[in-house]
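Secondary and tertiary structure notes
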Protein chains: 2
Amino acid sequence: MKAIVNRSSSTKERILGAAEVLFAQRGFEGASLRQLTAAAGVNLAAVNYHFGSKDKLVEQVFRRRLDTLNAQRLAALGSARESGNDRLEDVLDAFIRPALKLSHEDSGSLFMRVLARAFAEHDDSLRQFLSENYGHVMRQFTAEFARLLPHLSKEELYWRIDLVTGALTHAMSGFGMIQRKQDVSEGAHLEQTIQHLIRFAVAGLTHP
Amino acid sequence: MKAIVNRSSSTKERILGAAEVLFAQRGFEGASLRQLTAAAGVNLAAVNYHFGSKDKLVEQVFRRRLDTLNAQRLAALGSARESGNDRLEDVLDAFIRPALKLSHEDSGSLFMRVLARAFAEHDDSLRQFLSENYGHVMRQFTAEFARLLPHLSKEELYWRIDLVTGALTHAMSGFGMIQRKQDVSEGAHLEQTIQHLIRFAVAGLTHP
DNA sequence: CGTATGCTCAAACGATCGTTTGAACGCCTG
DNA sequence: CAGGCGTTCAAACGATCGTTTGAGCATACG
């Protein structure tokens, strides 16, 4: 039978947390399991025991954040359509707000850097994993953009979406611009940043 | 005395070429010197003989492309100002055109992927190298943008420039969108792409 | 109590990493 | 021809990599 109290959850979580930090700092290949387990305060063998391999650990680092992130995105998109608030700004809000909220959490900004790395790396297995598990989210948003921008050709639309996502990924990976200002509350700054990114994205998508 | 015919240039060039390919594919840490020298058809020790270390090789991979790229950018910016064509579109053209021309060369597109990797990696030594050697270029263009967009606050301007450069870097690193179409000539497609990126950047910089 | 079970641990595995070494080669110069 | 020089080469260096092993520990269950 299984143990009633699964003590391994603590170890697993500490590994995932340390992995997120080190992957953001040194990359997937640059961060070794010895650095990682030392930072997490666990034994070296714990990674292979709990995750099977380093590659599986990388997948879990993505899953832990992207499962909820993309679920929130789709939920926000759905409720926007349902309530009739489905202008371009609303669709972009549904896409941007969950990611920006995540990047303002405890170590969520580090994950955005990990995500930016994954975009830059043209590693096929990683891209395949992301496409298989989260491709439908991007597809749904793309369809929504196509509906709201019917005058754009398919090629034109894809290109603009590509440029906008590039800008957002770049910005949210924490290049210093999206930092809390001292004289405004965290909630107010988050709202300012969201409106900022939405206006930029709208301009990039709708320009003549 | 020195050898009249420097035969080592062939070896050095082959190493630099192979390094560009493998760094783009597997990253700086992921590409080993053994893979690299095997692909270049040279001996393993040749890298340390000609470049001193792997890190120095990485620097030279950047230097070989960025020296001419940024020189072209500054030259284009200078001649634009000189001839009076210094609207926002012209400044952006001076910034984008040399990079896009490079990305259409033999293996130039691979270098743009290497560059995108460098942006994603928050490695301090690499960022310091790029800032020390090519920071003045970005500073000069930023000053030009500030002159042409005087109604924007400093913070606002930096943010927009950050988003635009993120979009351009992302797009030019070859995510499939900027590919030659079959039914247009290379020169025409290059011109279309440039105008495309410029219009996007103008929209992102000037939106109200 | 005895014994599975889940987990942690130190130690070692073979492989591969960047780098160094010293001999050998080809070529120019005096 | 002799000697020096720039370059290439196979081989080895110590370090570090991801992974595996088997003993040890604690807890839950018959």
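The structure displayed is predicted, hence computed values, not measured ones.

As for the overall build of chain A
- Helix and strand counts for chain A stand at nine helices and zero strands.
- In chain A, the succession of α and β elements from N to C terminus is α-α-α-α-α-α-α-α-α.
- Counting only C-alpha atoms and orienting by the principal axes, one finds that chain A spans roughly 55 × 40 × 35 Å.
- The buried share of chain A, reckoned over its 208 residues, is 50%.
- Put simply, 71% of the contacts in chain A that link residues at least 6 apart link residues at least 24 apart.
- For chain A, the accessible area works out to roughly 10,300 Å², and carbon and sulfur atoms hold 50% of it.
- Put simply, chain A has 26 plus and 24 minus side-chain charges, and the middle of one group is 6 Å from the middle of the other.

Remarks on the relation of the copies chain B and chain A
- Under the fitted operation, chain B is carried onto chain A by 0.0 Å of movement along the axis and a turn of 180 degrees, and the coordinates agree to an RMSD of 0.0 Å. What we have between these two chains is a two-fold relation. Distance from the rotation axis, computed per C-alpha, reaches its smallest value in chain B at Ala167(B): 2.1 Å.
- Comparing contact sets, 100% of the residues at the interface of chain B also lie at the interface in chain A, consistent with an isologous, same-surface contact.

A look at the nonpolar core
- Judged by nonpolar contacts, the single largest core of 128 residues is most densely connected at Phe23(A), Leu57(A), Phe62(A), Phe23(B), Leu57(B) and Phe62(B).
- Those residues in contact with Phe62(B) that lie beyond four places of it in its chain are Phe28(B), Asp67(B), Phe111(B), Val114(B), Leu115(B), Ala118(B), Leu126(B), Phe129(B), Leu130(B) and Tyr134(B).

Quick look at the pattern of salt bridges
Residue and element names in this part refer to chain A.
- In this structure the tally under the stated criterion is 23 salt bridges over all chains.
- The partner of Arg147 in a salt bridge is Asp86, with the nearest N and O atoms 3.2 Å apart. Taken together, the residues Arg147 in helix α7 (residues 124-148) and Asp86 in the loop between α4 (54-82) and α5 (88-103) connect sequence positions 61 residues apart.
- Among the residues examined, Arg147 registers a relative accessible area of 38% and is labelled partly exposed.
- We classify Asp86 as partly exposed; its relative accessible area is 22%.

Regarding the packing of α4(A) against helix α6 (residues 108-120) of chain A
Residues and elements named next belong to chain A.
- At a closest axis distance of 11 Å, the pairing of α4 and α6 adopts a crossing angle of 115 degrees. The interaxial crossing formed by α4 with α6 has left-handed handedness. Residues Val61, Phe62, Arg65 and Leu66 of α4 lie in contact with α6, whose contacting residues are Gly108, Phe111, Val114, Leu115 and Ala118.
- In the contact of α4 with α6, the residues fall into seven nonpolar, one polar and one charged.

Description of the packing of aromatic side chains
- In the structure shown here, the tally under the stated rule is eleven aromatic pairs over all chains.
- Judged by centre distance (5.0 Å) and plane angle (75 degrees), the rings of Phe95(B) and Phe141(B) are edge-to-face. In this pair, Phe95(B) sits in helix α5 (residues 88-103) while Phe141(B) sits in helix α7 (residues 124-148), placing the two residues 46 residues apart along the sequence. This pair shows no difference in class: Phe95(B) is buried, exactly as Phe141(B) is.
- Both rings, one in Phe129(B) and one in Tyr134(B), keep their centres 6.4 Å apart while their planes meet at 80 degrees; by these two values the pair is edge-to-face.
- The exposure class assigned to Phe129(B) is buried, which follows from its relative accessible area of 7%.
- For Tyr134(B), a relative accessible area of 10% gives the class buried.
- Taken together, the aromatic side chains of Phe23(A), Phe28(A), Phe62(A) and Phe111(A) make up a single cluster linked through ring pairs.
- Positioned above the aromatic ring of Phe51(B) is the side chain of Lys12(B), whose terminal nitrogen or guanidinium carbon lies 5.7 Å from the ring centre.

Scoring rules and cut-offs
Residues numbered from 1 in each chain as written. Chains lettered and ligands numbered in written order. Predicted model: local features only at pLDDT ≥ 70, side-chain atom pairs only at ≥ 80, totals over all residues. Heavy atoms only, no water. Helix = DSSP H or I, 4+ residues; strand = E, 2+ residues; numbered from the N terminus. Buried < 20%, exposed > 50% of the residue type's maximum accessible area, 1.4 Å probe, protein only. Contact = heavy atoms within 4.5 Å. Areas by Shrake-Rupley, 256 points an atom, 1.4 Å probe, with all protein chains shown as cover. Lys, Arg positive; Asp, Glu negative; His and termini not counted. Charge placed at Lys NZ, Arg CZ, Asp CG, Glu CD. Least-squares fit on C-alpha atoms with pLDDT ≥ 70 in both. Core = buried A, V, L, I, M, F, W, Y, C linked by side-chain atoms within 4.5 Å. Salt bridge = Lys/Arg side-chain N within 4 Å of Asp/Glu carboxyl O. Axes fitted to C-alpha atoms, helices over the stretch in contact; angles between N-to-C directions. Left-handed = near helix turned anticlockwise from the far one by under 90°. Nonpolar A, V, L, I, M, F, W, Y, C, P; charged D, E, K, R; others polar. Phe/Tyr/Trp six-rings, centres within 6.5 Å; stacked < 30°, edge-to-face > 60°. Lys NZ or Arg CZ within 6 Å of the ring centre and 35° of its normal.

Keep in mind these values describe shape, not function.
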